[in-house]
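Chain residues, written in single-letter form:
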Amino acid sequence: LGLPRVCLRLSTRGATASRSFSTSTTAAPSKVRVLVSKSHNPFFNLATEEWLFRNGDISRPTLFLWRNEPTVVIGRCQNPWKECDLNKMRDKSVHLTRRYSGGGTVFHDLGNTNFTFLTSLANHDKERNSKIIIDALSTFGLSAETSGRNDITIDGFKVSGAAYKLAPPRALHHGTLLINVDMSVLAGLLNPNKLKLQSKGIASVASRVKNLSTLCPAINHESLSKAIIASFCNYYGEPGAEAEELDPSYLSSVEQLEKVYQEMKNDSWRFGMSPDFTHNLEGRFESPSPWGTIDIHIQSSKGQIDAAQVYSDSLHPDLIELLMQNLSGLPYSPAGVDEALAKTGRAAAAMGDRLGLPDLSRDLQELGQWLKASL
């Protein structure tokens, strides 16, 4: 019988080469595994991480390095409407993703290098993993240390944060390293301007952060990745271990990975895991607008509007009641607002002269713009 073979994509002098490995005893497999993503797609990278956690060989300590195009990543139990400004994110084409582990909200762009350690639970040691990162930073002359539960700091500034996921017999430790992140974008996206938003979710704690490139100009994604790989392999006594390169074409060959990728992209995962919360929206529309001073209380869970209470000094109470009825049961999103207002417009038209408002199209459009900007 033929022996099973595994084909890995390896980097050879900047090119991608294909090389086959046999399970023959003449070539013992490495004691560790190193994976490097060549994609900046956050859904692919987070799906790869989750796939590794669910299906990876935990008998071999695994390191996975990756980075994303601009993305806000929220923790499993967090509320995206609380943690980030979804309108600014849409305007700037920033992705929203939700990871399967806990922890706070982070911003990823190409100025981040993200690391993931996968081991068995019995072999899990977050201090060891942090030391691997700290030793890599020391090769650039930087003296880093652990701080708090999950952070790595230099001179009191946070340069890395981490989170953990444990599900016996598996353990995952992942984090991000700030190399050259656009801090102005980060602050604008993670500090939403909300009115009276109350939530049962976990609020992320702001920290003093600093880019590693400001501490050592020699640090970039490539140089730091090499240092982390060397530190990881040296710790486990495998200095010659080669890295496997992954890209989205890998999805078609691994059914479980494709499944997780589709889960990660689905809005029911990204928004539907949100905790229950109440959003209070207050605004004023000048005459001749029919809305007047309006105060909308939205109760939401799992990305849906469970109930809406609308208060107003409008001279058209029937219109306010139509709006209140049509907001309930729809997605808590711009698309949901559009659908609610379309239903309100149709119901108002059916009422005809009884409502006393012959043409609501402009007023509904104005209200819709305000509502969507306030979500």
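The structure presented is a predicted model; accordingly, all values stated were derived computationally and were not measured.

Caption draft 1: Local environment of the overall build of the chain. Counting its secondary structure elements, the chain contains 12 helices and 17 strands. Taking all 375 residues of the chain together, the buried fraction comes to 49%. Relative to all contacts within the chain whose residues are 6 or more apart in sequence, the contacts with residues 24 or more apart total 70%.

Caption draft 2: Here's a closer look at the pattern of salt bridges. Evaluation of the coordinates by the stated rule reveals 11 salt bridges. Taking the shortest distance from any N to any O, the salt bridge between Lys-38 and Glu-245 comes out at 3.9 Å. You can see Lys-38 sitting in the loop between strand 3 (33-37) and helix 1 (42-55) and its partner Glu-245 sitting in strand 14 (residues 243-246), a full 207 residues away along the chain. Among the residues examined, Glu-245 registers a relative accessible area of 10% and is labelled buried.

Caption draft 3: Representation of the sheet that holds strand 5 (residues 71-74) within the structure. Taking strand neighbours across the sheet as the criterion, the three strands line up as 6-5-7 in an open arrangement whose pairing is mixed. A strand with exactly one partner marks an edge of an open sheet, and here the two such strands are strand 6 (95-98) and strand 7 (106-108). Mean inter-strand twist for the sheet, computed between neighbouring axes without regard to direction, equals 25 degrees. The strands that helix 1 touches are strand 5 and strand 6; relative to strand 6, the one it contacts most, it runs at about 10 degrees.

Caption draft 4: Molecular detail of the nonpolar core. With 45 residues, the main nonpolar core has Val-72, Trp-291, Ile-294, Ile-296 and Leu-367 as its most contacted residues. When sequence neighbours within four positions are dropped, the list of residues in contact with Trp-291 reads Phe-285, Ser-312, Asp-313, Ser-314, Leu-319, Ile-320, Leu-323, Asp-363, Leu-364 and Leu-367. In terms of nonpolar packing, the next biggest core, distinct from the first, is built from 31 residues, Val-32, Val-34, Phe-117 and Ile-179 among them.

Caption draft 5: Examining the environment of Ser-101 more closely. For Ser-101, the location among the structural elements is in the loop between strand 6 and strand 7. Owing to a relative accessible area of 4%, Ser-101 belongs among the buried residues under this scheme. Spatially, the C-alpha atoms of Ser-101 and Leu-166 are 8.8 Å apart, while their sequence positions differ by 65 residues. Those residues in contact with Ser-101, other than ones at most four positions away along the chain, are Gly-75, Arg-76, Ala-163, Tyr-164, Lys-165 and His-174.

Caption draft 6: Representation of unusual backbone geometry in the model. Cis rather than trans, the peptide bond between Pro-168 and Pro-169 has omega equal to 10 degrees. Structurally, Pro-169 can be placed in the loop between strand 11 (157-167) and strand 12 (170-178). Here the phi dihedral of Ser-93 falls at roughly 55 degrees; this positive angle occurs in a residue that is not glycine. Considering the arrangement of structural elements, one finds Ser-93 in the loop between helix 3 (86-91) and strand 6. A positive phi is found at Asp-155, a non-glycine position, where the angle reads about 55 degrees. One can find Asp-155 in the loop between strand 10 (151-154) and strand 11. A relative accessible area of 67% means that Asp-155 is categorised as exposed.

Caption draft 7: View of empty space enclosed by the protein. A full pass over the atoms with the stated rule returns one cavity of 30 Å³ or more. In this model, the largest cavity occupies a volume close to 70 Å³. Of all the elements in the fold, those that place two or more residues in the lining of the largest cavity are helix 1 and strand 12. Looking at the lining of the largest cavity, the element that brings in the most residues is helix 1, giving three residues. Tallied by class, the residues present in the lining of the largest cavity amount to four nonpolar, two polar and four charged.

Caption draft 8: Highlighting the packing of helix 4 (residues 126-138) against helix 7 (residues 221-235). Close contact between helix 4 and helix 7 brings their axes to 8 Å; oriented N to C, the two are set at 130 degrees. What the angle tells us is that helix 4 and helix 7 run oblique. In this structure, helix 4 crosses over helix 7, and the sense of that crossing is right-handed. Between helix 4 and helix 7, the residues in contact are Arg-128, Ile-132, Ile-133, Asp-135, Ala-136 and Leu-137 and Leu-224, Ala-227, Ile-228, Ser-231, Phe-232 and Tyr-235, respectively. Residue composition of the contact of helix 4 with helix 7, by class: nine nonpolar, one polar and two charged.

The rules behind these values
- Residues numbered from 1 in each chain as written.
- Predicted model: local features only at pLDDT ≥ 70, side-chain atom pairs only at ≥ 80, totals over all residues.
- Heavy atoms only, no water.
- Helix = DSSP H or I, 4+ residues; strand = E, 2+ residues; numbered from the N terminus.
- Buried < 20%, exposed > 50% of the residue type's maximum accessible area, 1.4 Å probe, protein only.
- Contact = heavy atoms within 4.5 Å.
- Salt bridge = Lys/Arg side-chain N within 4 Å of Asp/Glu carboxyl O.
- Pairing = 2+ DSSP bridges.
- Axes fitted to C-alpha atoms, helices over the stretch in contact; angles between N-to-C directions.
- Core = buried A, V, L, I, M, F, W, Y, C linked by side-chain atoms within 4.5 Å.
- 1 Å grid on protein atoms, 1.4 Å probe; cavity = no way out; pocket = protein on both sides within 12 Å on 5 of 7 lines; lining within 4 Å.
- Points joined across faces, edges and corners; volume = space filled by probe spheres on them.
- Nonpolar A, V, L, I, M, F, W, Y, C, P; charged D, E, K, R; others polar.
- Parallel < 35°, antiparallel > 145°, perpendicular 65-115°, else oblique.
- Left-handed = near helix turned anticlockwise from the far one by under 90°.

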